[in-house]
Amino acid sequence: MDLVRAIRRRILCGILLSAWVLLPATGWGASLEPLPAPRAQKPAQTELGRHLFFDPRMSGDGGISCATCHQPARGWGDGQSLSTGYPGSKYFRNAQTLLNAAYNKRVFWDGRLSGADLPTLVRDHLTEAHFMLVDGRLFPERLKQVPAYVKMFKEAYGGEPSFGGSLKAISAFLHTITSRNVPFDAYLKGDKKALSAEAQKGLALFRGKAGCAGCHNGALLSDGGFHALGVPENEQIFKDPLRHITFRRFNKVIGVPNFMNLRADPGLYVVTKEERDRGKFRTPTLREVARTAPYMHNGALATLEDVVAFYNKGGGSGPNKSPKLKPLGLDAGEQKALVEFMKSLSGEAVSAKEPKIPDYELRKLGDN
């Protein structure tokens, strides 16, 4: 009888754990969901977008492409704490992954643009002074001198190379950069062998003792909100003149008061100008997180182990720190299990073959 009762208890625990994962939890918890299938795109448009994504003609000086900071082999980021920026400058934030970017509610660490309008996001990256610094009237004229592009635009949009068409094509390509065959998604859909016992232990911690699901929930494993965590400042922003110039210029242009004396990234404050938002940053997705080191808005934490240790001690210090952050009391084994679960949020490597960039060619006057 004892053996029968033990088996029944084990079955019941398994049922309860499954329900706990699939249904909204109490307290900090919320539902965790598989990523929906990506929206279908027209092949001619995504193929054009793939070419433009890798083409340095899309930058002001023709020296960098979108792929310079968003490299497929580095989780569609650049693997650096702080991104490089337009040639001759350096940037002051971490380059976020483009994996699953089509699902974001808000974009950029400070949330200054809506994720529902990908063409505007692409336009901002192309024309922003410290990203690619290209004039929307210039690069279409470059593309018109490339017969291969003239043909591709005709097939994709029925016209000649244009600024708007380029934004749409790159956006269509972004829709293809999505997670594939993720163990956690398979687990949520009923394959209980998709996660190791260690990862399942980590999932229970994620939903319970560690409280991660309070902010990392839904299909994207992000609440889309903004929180101040007390992440330590990356001192390179203030020690490296090229980064500090970029930091000051950005905050001046966006209208941040007293920008000359800033010694910390104001985060969401640059959008709202509300003191309660100073130091808050957008909750990033945890999908593919094992591929996207280093972490946080300024790349201050190098590994997933560092991230778990940071939260375990209750985060850092600073203005408007979230009241949700408190010491977690996780032992070494629990921290290891939590990292193992986060690794299960990455699926097959999402790659894109770098195309051979077509050459300029002489065209006769009157050519279509």
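All figures in this text were calculated on a predicted structure; none of them were measured in a lab.

Caption draft 1: Molecular detail of the overall build of the protein chain. Per the secondary structure count, the protein chain includes 14 helices and four strands. Taking 2.2 N^0.38 as the reference for a compact globule, 368 residues should give roughly 21 Å; the C-alpha atoms of the protein chain span a radius of gyration of 23 Å, in line with that estimate. For the protein chain, the spread of C-alpha atoms along the principal axes amounts to about 90 × 50 × 30 Å. Sorting the 368 residues of the protein chain into buried and exposed places 51% on the buried side. Restricting the contact set of the protein chain to residue pairs at least 6 apart, pairs at least 24 apart contribute 66%. Element-wise, carbon and sulfur atoms account for 57% of the exposed surface of the protein chain, whose accessible area totals about 17600 Å². Each charge class in the protein chain was averaged separately, 51 positive and 36 negative side chains, and the resulting centres sit 3 Å apart.

Caption draft 2: Structural context of the pattern of salt bridges. As enumerated under the stated definition, the model contains 17 salt bridges in all. A salt bridge links E198 to K336; its shortest N-O distance comes to 3.8 Å. Here E198 is found in helix α9 (residues 197-207), whereas its partner K336 is found in helix α14 (residues 332-343), with 138 residues between them in sequence. Judged by its relative accessible area of 27%, E198 is partly exposed. Here E334 ties to K209 by a salt bridge, and the two come within 3.1 Å at their closest N and O atoms. Taken together, the residues span a long stretch of sequence, with E334 in helix α14 and K209 in the loop between α9 and β3 (226-227) at a distance of 125 residues. When its relative accessible area of 14% is taken as the criterion, E334 is described as buried.

Caption draft 3: Broad picture of the state of the cysteines. Per the counting criterion, the structure on display carries zero disulfides. Looking at C66, it has no disulfide partner, and the nearest cysteine sulfur is the one in C69, 9.4 Å off.

Caption draft 4: Structural view of the packing of helix α4 (residues 118-127) against helix α7 (residues 163-174). For the pair α4 and α7, interaxial distance at closest approach is 8 Å and the crossing angle is 110°. In terms of their interaxial angle, α4 and α7 are classed as roughly perpendicular. As α4 packs across α7, the resulting crossing turns out to be right-handed. For the pair α4 and α7, contact is made by L118, P119, V122, R123, L126 and T127 and by F163, L167, I170, S171 and L174, respectively. By residue class, the composition of the contact of α4 with α7 is eight nonpolar, two polar and one charged.

Caption draft 5: Molecular detail of the environment of G115. With respect to the element layout, G115 can be found in the loop between β2 (113-114) and α4. Assessed through its relative accessible area of 5%, G115 is described here as buried. Discounting chain neighbours no more than four positions away, the residues touching G115 are N104, K105, R106 and V107.

Caption draft 6: Fine view of the nonpolar core. Core analysis: the largest hydrophobic core is formed by 49 residues, its most contacted members being L48, L52, F53, M58, W76, L126 and Y149. Residue contributions to this core peak at five residues, all from α7. Non-local contacts of L52, meaning those with residues more than four positions away in its chain, are made with M58, L143, Y149, F153, S166, A169 and I170. If you look at the next biggest cluster of nonpolar residues, it comprises 34 residues, including F206, L301, F310 and A337.

Caption draft 7: Spotlight on unusual backbone geometry. Here the residue pair A293 and P294 is connected by a cis peptide bond, since its omega of -5° sits within 30 degrees of zero. As for its position among the elements, P294 is in the loop between β4 (281-282) and α13 (304-312). At L133, a position not held by glycine, the phi torsion is positive, near 50°. The residue L133 is located in the loop between α4 and α5 (139-144) in this model. Residue classification places L133 among the partly exposed positions, given a relative accessible area of 39%. The backbone of K273 shows a phi angle near 60°, a positive value even though the residue is not glycine. Note on K273: relative accessible area 30%, which makes it partly exposed.

Caption draft 8: Looking closely at the packing of aromatic side chains. Enumeration according to the criterion identifies 14 aromatic pairs in this entry. Between F53 and F173, the ring centres sit 5.2 Å apart and the planes meet at 55°, which makes this aromatic pair tilted. You can see F53 sitting in helix α2 (residues 43-54) and its partner F173 sitting in helix α7, a full 120 residues away along the chain. Note on accessibility: F53 and F173 belong to one class, buried. Ring geometry for F139 and F163: centres 5.6 Å apart, planes at 75°, overall edge-to-face. Remark: F163 occurs in helix α7 and F139 occurs in helix α5; sequence separation between them is 24 residues. Of the aromatic side chains, those joined through ring pairs into one cluster are Y91, F92, F108, F131, F238, F247 and F250. Taking the ring centre of F108 as reference, the NZ or CZ of R112 above it sits at 3.8 Å.

Caption draft 9: Just the environment of G88, in detail. Examined against the element boundaries, G88 turns out to sit in the loop between α3 (66-69) and β1 (106-107). Sequence separation of G88 and F341 is 253 residues, and the distance between their C-alpha atoms is 40 Å.

What counts and what doesn't
Residues numbered from 1 in each chain as written. Predicted model: local features only at pLDDT ≥ 70, side-chain atom pairs only at ≥ 80, totals over all residues. Heavy atoms only, no water. Helix = DSSP H or I, 4+ residues; strand = E, 2+ residues; numbered from the N terminus. Rg over C-alpha atoms; globule rule 2.2 N^0.38 Å. Buried < 20%, exposed > 50% of the residue type's maximum accessible area, 1.4 Å probe, protein only. Contact = heavy atoms within 4.5 Å. Areas by Shrake-Rupley, 256 points an atom, 1.4 Å probe, with all protein chains shown as cover. Lys, Arg positive; Asp, Glu negative; His and termini not counted. Charge placed at Lys NZ, Arg CZ, Asp CG, Glu CD. Salt bridge = Lys/Arg side-chain N within 4 Å of Asp/Glu carboxyl O. Disulfide = S-S within 2.5 Å. Axes fitted to C-alpha atoms, helices over the stretch in contact; angles between N-to-C directions. Parallel < 35°, antiparallel > 145°, perpendicular 65-115°, else oblique. Left-handed = near helix turned anticlockwise from the far one by under 90°. Nonpolar A, V, L, I, M, F, W, Y, C, P; charged D, E, K, R; others polar. Core = buried A, V, L, I, M, F, W, Y, C linked by side-chain atoms within 4.5 Å. Phe/Tyr/Trp six-rings, centres within 6.5 Å; stacked < 30°, edge-to-face > 60°. Lys NZ or Arg CZ within 6 Å of the ring centre and 35° of its normal.

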